[in-house]
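# Structural overview for review
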Amino acid sequence: MSADEVESEIHFMKTYGIMKWDELIMLNDDRKSLNQKIALGLATKEELLKQIKVELNMLDTCQLKIDQEMKENDTEYINTEILTILSNRINDMYNCMFLLFPVEKTSLSEYIEFCSNNTLFITKCSNMLNTLMLRYHSDPEVYITAATYEFDDRNDVESARQYFTEGLKYHKNCKSLYVEEFWVEVQHLEKTAGASLPIAIGKYRNLIKRFEGDIEFHFILLDRAIKLSAVRELQCNIVRDMVRKYRHSELMWQKLAKIHFDGFIYHRETEQLHYDKNYISGIRNCIKTYEDGLKENLPLKNKHKLWNFYIDHIIEIRKSYRMKKETIRNFMNETMERAFQEAHNNKALHKSEHYIYWVHFHKVLLFNTKIVCLFIFIQAKNTNIECHSVLRKGVEVIEDSVELWITLISYYLSYDSLEMAIEAFQAGVRALANKSMPLWKILILYLGNTHPKLLQQLYHEGSHFPFPDINFVIRPEYLEWSVVHNGILSTRELFVELRDIQPECKQLYTTMISLELTQNSGITKLKTIRKLYNDVCNTFGQTDIGVWSDCIRFEYKYGSHKLVKEIYNASLLCLEPDFRNSMTKEFEKLKEEFMEDNPKDGGVIVIDDDE
């Protein structure tokens, strides 16, 4: 800054109390230090960005102060030279940074925003961009940022084109550069009311040729083109090429159906495109497009994908706000029934949620039909298929769907069709094997409230089911049920039976111990529980510190404190070496918790069997 600018800045800061004198001195010292580093080539980009941020904050503070003074004093006569001084300094610092260091999208965007907010620097910004864009930049987004600014803010399509051209010299395979260049031409085409169509068409043709066979890229160009309404001829060319080039792709048919749904109707016979704002026409053309695509000679795998696209889309439509009119509701009901049935017949429904939605659709349809027809079911148009039939179809196709089996069994139970539910349960368990636990839970819950004898039989079968994921859960539950319904003596016999099932289940022991603790049988209970702890520690005590800790805790609370030491020593002999240190720490915690120096008795109780 010149001496006059320095003096003007100091005067403004002091007059309006922006900064204290010592703060201002420190600020100017920082500026001088940075300038010296820049001159010597020692400044870092981080230091420049930090100082730019300081100056920007200063500029905002001064602008707010000026606005406040004008408002409070109702005057427009206030010296605003400080804003120009600070803005010039910020602009110079940005220029310095861009010339010294690689340009990044973030910093360039911030500079463009700064210039846009300061109209005096608009021209300077463009001049700087002209200089910068002649250089190589490793990030193609830099060229996109500069070109977008020139087109959007400066309405300068030629500069934008020039920047894209420069970027593509260095990034020949960068799709985002090509897409944004095309997007500028699409927007310019609308601005010129179609006058620049030859340029836009030329750009599009070059892109299609360059990325031959890239259907996703073709879709991106189409998505950009259909954003604007006044570029219909360009849109028509893109859709026509898409249909011709990718007729045997399920993705093309899905895309064509989606743009039809949005109102862009393409006539394959005339190869013309028009927009129809009537959403019902869009829905009908969307459905027809999927059905036309399914008639094409697609590979089986691709056709199945198209079926799933179709089903997903009609579900989405059926759930949408567009179903208010009865005519379109009826059309969609007929379409859904036909689509689901045909997809199933073609073995193309591969998602359990599709079958579940099919069931939901029938429930709603039949419920509404009952109301309208005074409980007379519709006999036409195949809409009277029972829900369970749909679900049975689903589990035949997708045998490993837990959700489908749950829905089918729940459906039968909701109508108290126990025989059908058991049949479905057995089939589901065979199909799901170790994933069938949710099915067991459903049936156990139902039988618990209705058929206790059948429930006992189910518990027995589940306890012997040859998958630990199932029987490890059911065996302890069976014990808990037994003690409530059959008493502790029968439950002890049941425990012995369940204990011998392999592999052994720790939760079975801990559940039995909990049940014994609820009994009131004096010393017999103590001896019985000791025997259970003895067995569980011997069985699982090689790697499980918890069983030893529980056993010690039991003796502290109900038994002999002196026996605790023997159990601890036994744990160190039984546990594998990697677990012994942890066991020692656990034992110290237990001693502290139960204050071993105050034992309950001095005797040693021998753990033996009940008589």
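Look up: the structure comes first, before these words.
Presented here is an overview of the structure given in this document.

Moving on: the nonpolar core. One finds Leu-108, Leu-234, Met-332 and Trp-440 to be the most contacted residues of the largest nonpolar core, which totals 189 residues. If we skip the residues at most four places from it in the chain, Leu-108 touches Phe-98, Val-103, Leu-129, Leu-132, Met-133, Val-142, Thr-145 and Ala-146.

Across the interface, helix H13 (residues 250-261) lies against helix H15 (residues 300-319) with an axial gap of 9 Å and an inter-helix angle of 20°. Here H13 lies roughly parallel to H15, going by the angle between them. You can see that H13 and H15 cross each other, and the crossing is right-handed. Counted together, Glu-250, Leu-251, Trp-253, Gln-254, Ala-257, Lys-258 and Phe-261 of H13 and Asn-302, Lys-305, Leu-306, Phe-309, His-313 and Ile-317 of H15 form the full contact between these two elements.

Turning our attention to the pairing of strand E1 (residues 264-267). Consecutive residues of a regular strand have side chains that alternate between opposite faces of the sheet. The pairing of E1 with strand E2 (residues 272-275) spans four bridges and is classified as antiparallel. In the strand pairing of E2, Ile-265 is matched with His-274. Between E1 and E2, which pair antiparallel and follow one another directly, the connecting turn spans four residues, one of which, Glu-271, has a positive phi of 55°.

Attention shifts here to unusual backbone geometry. Of the consecutive residues Gln-502 and Pro-503, the connecting peptide bond is found in the cis state with omega at -5°. Positive phi, normally seen in glycine, also occurs at Glu-271, with a value near 55°. Among the secondary structure elements, Glu-271 is positioned in the loop between E1 and E2. On the basis of relative accessible area, Glu-271 is assigned to the partly exposed category, the value being 25%. With a phi angle near 55°, Ala-433 is a residue other than glycine that sits in the positive phi range. A residue is classified by how much of its surface remains accessible, and Ala-433, at 18% relative accessible area, is buried.

This next bit is on the side chain of Asn-28. Tracing the backbone through its elements, the reader meets Asn-28 in helix H2 (residues 21-40). Within polar-contact distance, the side chain of Asn-28 engages the side chain of Arg-31 at 3.0 Å.

Turning next to the packing of aromatic side chains. For the structure on display, the rule yields 31 aromatic pairs. Between Tyr-94 and Phe-98, the ring centres sit 5.9 Å apart and the planes meet at 25°, which makes this aromatic pair stacked. Residue Tyr-94 and its partner Phe-98 are both found in helix H4 (residues 81-100); the two are separated by four residues, about one turn of the helix. Classification of Tyr-94 by relative accessible area gives buried; the value is 1%. When its relative accessible area of 1% is taken as the criterion, Phe-98 is described as buried. When the ring centre of Phe-331 is taken as reference, the NZ or CZ atom of Arg-284 above it lies at 4.3 Å.

The geometry of helix H11 (residues 215-225) relative to helix H12 (residues 232-245) is characterised by a closest axis approach of 9 Å and an angle of 155° between their N-to-C directions. Judged on the interaxial angle alone, H12 and H11 are roughly antiparallel. Considering how the two elements wind past one another, H11 and H12 form a crossing that is left-handed. Seen from H11, the contacting residues are His-218, Phe-219, Leu-221, Leu-222 and Ala-225; seen from H12, they are Gln-235, Ile-238, Val-239, Asp-241, Met-242 and Lys-245. The residue makeup of the contact of H11 with H12, split by class, is seven nonpolar, two polar and two charged.

What counts, and at which threshold
- Residues numbered from 1 in each chain as written.
- Predicted model: local features only at pLDDT ≥ 70, side-chain atom pairs only at ≥ 80, totals over all residues.
- Heavy atoms only, no water.
- Core = buried A, V, L, I, M, F, W, Y, C linked by side-chain atoms within 4.5 Å.
- Buried < 20%, exposed > 50% of the residue type's maximum accessible area, 1.4 Å probe, protein only.
- Contact = heavy atoms within 4.5 Å.
- Axes fitted to C-alpha atoms, helices over the stretch in contact; angles between N-to-C directions.
- Helix = DSSP H or I, 4+ residues; strand = E, 2+ residues; numbered from the N terminus.
- Parallel < 35°, antiparallel > 145°, perpendicular 65-115°, else oblique.
- Left-handed = near helix turned anticlockwise from the far one by under 90°.
- Pairing = 2+ DSSP bridges.
- Polar contact = N/O pair within 3.5 Å; in protein donor to acceptor, adjacent residues only side chain to side chain.
- Phe/Tyr/Trp six-rings, centres within 6.5 Å; stacked < 30°, edge-to-face > 60°.
- Lys NZ or Arg CZ within 6 Å of the ring centre and 35° of its normal.
- Nonpolar A, V, L, I, M, F, W, Y, C, P; charged D, E, K, R; others polar.

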